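Each chain, written out:
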Amino acid sequence: QQPVQSPQAVILREGEDAVINCSSSKALYSVHWYRQKHGEAPVFLMILLKGGEQKGHDKISASFNEKKQQSSLYLTASQLSYSGTYFCGTEHADSWGKLQFGAGTQVVVTP
Amino acid sequence: NAGVTQTPKFQVLKTGQSMTLQCAQDMNHNSMYWYRQDPGMGLRLIYYSASEGTTDKGEVPNGYNVSRLNKREFSLRLESAAPSQTSVYFCASSRQGVNQPQHFGDGTRLSIL
């Protein structure tokens, strides 16, 4: 089943923070985060592993809450380049190597 | 560095026509994937190839066939195109196994009239 992402969209001013959540109804093995700019291919940001630590990519970080079967992506001090659609992809123990993607969260950062 | 290359980039078909989308990667990856992306739906897996010689169905395989020609190439075929298959198709590749990031091609924008 497709993971649920929230919010669907967020508008930020440069320098503001945002959190994107990704929840699964199935036990998670890992969560992948990707960013896609309009008309382009999705680009890998980071992987969060079950039992793993919070990861970071520039000022974008993420966490994995095993109890809630949820991952959160944190955009800190947002820059114009952070604009795009963020997707989480979940990996489960019964389907290793295959990802189920959420519907995406559109992020717009304005000057 | 080419990465994952998809051809063609754009295509318009008539209902009932057939078409093969091509994908090649030069990263020596074992695993390859075909996704479709529709507005508001995210990426949905059509077919998956864990390694050369193996293929497996994903979430939405109906109406599609795949061929893993060799380690580098993974093609997707629409035998009889339908308007519901209008979408953006992405090919991706990764190292084999769990927790491997996927690298995507630039996509094929396919319209079926």
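Residues numbered from 1 in each chain as written. Chains lettered and ligands numbered in written order. Predicted model: local features only at pLDDT ≥ 70, side-chain atom pairs only at ≥ 80, totals over all residues. Heavy atoms only, no water.

A. A look at the overall build of chain B. The secondary structure content of chain B amounts to zero helices and 11 strands. Secondary structure elements of chain B, listed N to C terminal, follow the sequence β-β-β-β-β-β-β-β-β-β-β. By principal-axis analysis of the C-alpha atoms, chain B measures approximately 35 × 30 × 30 Å. Burial analysis of chain B (113 residues in total) assigns 48% to the buried set. When the accessible area of chain B is evaluated, it comes to approximately 5200 Å², of which 48% is carbon and sulfur surface. (Helix = DSSP H or I, 4+ residues; strand = E, 2+ residues; numbered from the N terminus. Buried < 20%, exposed > 50% of the residue type's maximum accessible area, 1.4 Å probe, protein only. Areas by Shrake-Rupley, 256 points an atom, 1.4 Å probe, with all protein chains shown as cover.)

B. Up close: the overall build of chain A. Helix and strand content of chain A: zero helices and 11 strands. Mapped in sequence order, the helices and strands of chain A form the string β-β-β-β-β-β-β-β-β-β-β. What you see for chain A is a C-alpha radius of gyration of 13 Å, in line with the 13 Å of a compact globule of 111 residues. If you line up chain A on its principal axes, its C-alpha atoms span 45 × 30 × 20 Å. Per-residue burial over chain A gives 50% buried out of 111 residues. Contacts spanning at least 24 positions in sequence make up 56% of the contacts within chain A whose residues lie at least 6 apart. Of the accessible surface of chain A, which amounts to about 5500 Å², a share of 50% is contributed by carbon and sulfur atoms. The positive charge centre, built from 10 side chains, and the negative charge centre, built from 9, are 4 Å apart in chain A. (Rg over C-alpha atoms; globule rule 2.2 N^0.38 Å. Contact = heavy atoms within 4.5 Å. Lys, Arg positive; Asp, Glu negative; His and termini not counted. Charge placed at Lys NZ, Arg CZ, Asp CG, Glu CD.)

C. Spotlight on the side chain of serine 87 of chain B. Residues and elements named next belong to chain B. Structurally, the position occupied by serine 87 is in strand β9 (residues 87-94). Among the polar contacts listed, one links the side chain of serine 87 to the side chain of aspartate 38, at a separation of 2.8 Å. Not counting residues within four places of it along the chain, the set of residues in contact with serine 87 comprises Arg36, Gln37, Asp38, Thr108, Arg109 and Leu110. (Polar contact = N/O pair within 3.5 Å; in protein donor to acceptor, adjacent residues only side chain to side chain.)

D. Seen up close, the pattern of salt bridges. If you walk through the whole model with that rule in mind, you get five salt bridges over all chains. Between aspartate 94 of chain A and lysine 26 of chain A there is a salt bridge whose closest N-O contact spans 3.4 Å. In this pair, aspartate 94 of chain A sits in the loop between β9 (84-91) and β10 (100-101) while lysine 26 of chain A sits in the loop between β3 (18-23) and β4 (30-36), placing the two residues 68 residues apart along the sequence. With its nearest N and O atoms 3.2 Å apart, the salt bridge here joins arginine 77 of chain B to glutamate 79 of chain B. (Salt bridge = Lys/Arg side-chain N within 4 Å of Asp/Glu carboxyl O.)

E. Geometry of the pairing of strand β7 (residues 64-68) of chain B. Residues and elements named next belong to chain B. Alternating positions in β7 separate cleanly, Tyr64, Val66 and Arg68 being buried on one face and Asn65 and Ser67 remaining unburied on the opposite face. Where β7 and strand β8 (residues 74-78) come together, five bridges link them in antiparallel fashion. In the sheet register, arginine 68 faces β8, and the bridge partner there is phenylalanine 74. Two successive antiparallel strands, β7 and β8, enclose a turn made up of five residues. (Pairing = 2+ DSSP bridges.)

F. Here's a closer look at the nonpolar core. Core analysis: the largest hydrophobic core is formed by 21 residues, its most contacted members being Val31, Trp33, Met46, Leu73, Leu75, Tyr86 and Val107 of chain A. Broken down by secondary-structure element, the contributors of at least two residues to this core are β2 (9-13), β3, β4, β5 (43-49), β7 (60-65), β8 (70-75), β9 and β11 (105-110) of chain A. Those residues in contact with valine 31 of chain A, other than ones at most four positions away along the chain, are Cys22, Met46, Ile47, Leu48, Phe64, Ser71, Cys88, Gly89 and Thr90 of chain A. If you look at the next biggest cluster of nonpolar residues, it comprises 19 residues, including Val4, Phe74, Leu76 and Tyr89 of chain B. (Core = buried A, V, L, I, M, F, W, Y, C linked by side-chain atoms within 4.5 Å.)

G. View of the sheet that holds β7 of chain B. Residue and element names in this part refer to chain B. If you walk across this open sheet you meet the four strands as β1-β3-β8-β7, and the pairing is antiparallel. Edge positions in the open sheet fall to β1 (4-7) and β7, since each of these has one partner strand only. Within the sheet, the average angular offset between the axes of one strand and its neighbour, ignoring direction, is 15 degrees. (Axes fitted to C-alpha atoms, helices over the stretch in contact; angles between N-to-C directions.)

H. Representation of the state of the cysteines within the structure. All names here are of chain B. On inspection of all chains with the given rule, the structure shows two disulfides over all chains. Put simply, cysteine 23 and cysteine 91 are joined by a disulfide, and their sulfur atoms are 1.9 Å apart. Taking the torsion about the sulfur-sulfur bond, which here is approximately -75 degrees, the covalent link between cysteine 23 and cysteine 91 counts as left-handed. Here cysteine 91 lies in strand β9 and cysteine 23 lies in strand β3 (residues 19-25), a separation of 68 residues in the sequence. (Disulfide = S-S within 2.5 Å.)

I. A look at the interface of chain A and chain B. Across the contact, 22 residues belong to chain A and 22 residues belong to chain B. Interface area for chain A against chain B, summed over the two sides, is near 1800 Å², with a carbon-plus-sulfur share of 57%. The largest contributions to the chain A side of the interface with chain B come from Pro42, Lys98 and Phe101 of chain A, which together make up 29% of the buried area. Along the contact surface separating chain A from chain B lie one salt bridge. (Buried area = accessible area lost by both parts, 1.4 Å probe.)

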